[in-house]
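Architecture at a glance
What follows is the residue order along each chain.
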2 protein chains.
Amino acid sequence: MKSLDRLIKCFRRLQGVGPRQAERFALHFLRAPESEVAEFTDALLKMRANVHYCPICFSYSEGSLCEICSDSSRDFGLLCVVEEPKDIEAIEKTGSYNGVYHVLHGSISAIDGRGAEELKIKELVSRIENSEQEIREVIIATNPDTEGESTSLYLADILRGLVGKISRLGYGMPLGGHIDYMDELTLAHSLKGRTKI
Amino acid sequence: MKSLDRLIKCFRRLQGVGPRQAERFALHFLRAPESEVAEFTDALLKMRANVHYCPICFSYSEGSLCEICSDSSRDFGLLCVVEEPKDIEAIEKTGSYNGVYHVLHGSISAIDGRGAEELKIKELVSRIENSEQEIREVIIATNPDTEGESTSLYLADILRGLVGKISRLGYGMPLGGHIDYMDELTLAHSLKGRTKI
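Residues numbered from 1 in each chain as written. Chains lettered and ligands numbered in written order. Predicted model: local features only at pLDDT ≥ 70, side-chain atom pairs only at ≥ 80, totals over all residues. Heavy atoms only, no water.

It is worth spelling out the pairing of strand β5 (residues 137-141) of chain A at this point. Residue and element names in this part refer to chain A. Burial analysis of β5 places five of its five residues in the buried class, the great majority of the element. Side-chain alternation along β5 places Glu137, Ile139 and Ala141 on one buried face and Val138 and Ile140 on a second face that is also buried. Judged from the five bridges that link them, strand β3 (residues 75-82) and β5 form a sheet pairing that is parallel. What sits directly across from Leu79, in β5, is Val138. Sheet topology places β5 next to strand β6 (residues 165-168); four bridges connect them, and they run parallel. (Buried < 20%, exposed > 50% of the residue type's maximum accessible area, 1.4 Å probe, protein only. Helix = DSSP H or I, 4+ residues; strand = E, 2+ residues; numbered from the N terminus. Pairing = 2+ DSSP bridges.)

Okay, here's the thing in structure tokens:
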């Protein structure tokens, strides 16, 4: 059936959705009450209309500025650079950071052919240069993988001279882990970064 | 963000979709080009408008009758009863069945509280009683699980006297399987149903 196949094809575009799951999703919407379909399409279109990038930090925002950039109680001299908007959420949940953020929207990846010019790095540099308040420190919070590491090194190179201090999130053992299950690199980092008690 | 959370909530209603995957789906549609979003909503709404149950076999159909019920080369004296429309596809792929189908839309399940009255069983009985051409045989092709078995026994009870022959799909070893990995029940069925070579 053409209509059904067309919808299944649309669901296949979602990352990680195979032919079986796409079919199940399409059939779900075939059987769902009319009200659920209306709610779904309305939610999708409203989301597209309302959500956009915050012009300062490039996180998602519904207002003109995002919640964090428009919060005057934040420390605008402390800037944390992350790969994705969802990383902000994770850091916010710790409750131990009061600075602001900058979202790169990805990482430098030779394998995926994603270069520095595709990330919001130009925007980061001009943000730091034109900031009213001096930015004392940039914390680079890219992922602890190959791409995140290259991005971190690239950023450190570019930002040197622009800000007083450039730092990187600390490596070490995750809490609740077991030493015998830890990979050697993590353990080596955790030895190097040992703290006095 | 309200708009995003609302869409995530919509995706959570899909079977087997957890909070992380729902978020990924929502973000996919946030980043997708405008044309993909338009194609998706259009496909969903057209599918809802065009696809309905075939009034004879209760499979999905875009025309007034489904492709199989409107195909005069099929054998209307042979009726195969399945749980779901997708089971029809699987049987059609074998290329070794030329009869017609009847979709129950589920199986009798004490655990899920689904009784016989929720399935298209009344419709099956009246279809057989009012059929222009005599129905020689009903093949019960419900799933080989507890619910499928109960449904099969229930149907056999109801149809006895209405049709000349009632049959059930054969049990046995699946092709390409290994005997040492086979469960005992399947192996027992496969012994009982052994064929002379």
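A word on the relation of the copies chain A and chain B. After a rotation of 180° and a shift along the axis of 0.1 Å, chain A superposes on chain B with an RMSD of 0.1 Å. Read as a symmetry element, the transformation amounts to a two-fold axis. Residue Thr41 of chain A, judged by its C-alpha, is the member of chain A lying nearest the rotation axis, at 3.2 Å. When the interface residues of chain A are mapped onto chain B, 100% of them again lie at the interface, so the same face is used by both copies. (Least-squares fit on C-alpha atoms with pLDDT ≥ 70 in both. Contact = heavy atoms within 4.5 Å.)

This part covers the sheet that holds strand β3 (residues 75-82) of chain B. All names here are of chain B. Read from one edge to the other, the open sheet built from four strands follows the order β4-β3-β5-β6, with strand pairing classed as parallel. For this open sheet the edge positions go to β4 (99-103) and β6 (165-168), each flanked by a neighbour on one side alone. If you compare each strand with its neighbour and ignore which way they point, the axes differ by 25° on average. Along the sheet, helix α5 (residues 121-129) contacts β3, β4 and β5 (137-141); its crossing angle with β4, the most-contacted strand, is approximately 150°. Of the strands in this sheet, β3, β5 and β6 are in contact with helix α6 (residues 146-159), which crosses β6 at around 175°. (Axes fitted to C-alpha atoms, helices over the stretch in contact; angles between N-to-C directions.)

Counting 41 residues, the largest nonpolar core has Phe11 of chain A together with Phe11 of chain B as its most contacted members. Mapped onto this core, the elements with two or more residues apiece are α1 (2-12), α2 (19-31) and α3 (34-50) of chain A together with α1 (2-12), α2 (19-31) and α3 (34-50) of chain B. In contact with Phe11 of chain B, other than residues within four places in its own chain, are Phe40 of chain A together with Val17, Ala22, Phe25, Ala26 and Phe29 of chain B. Membership of the second largest hydrophobic core comes to 34 residues, among which are Cys66, Val81, Ile121 and Ile140 of chain B. (Core = buried A, V, L, I, M, F, W, Y, C linked by side-chain atoms within 4.5 Å.)

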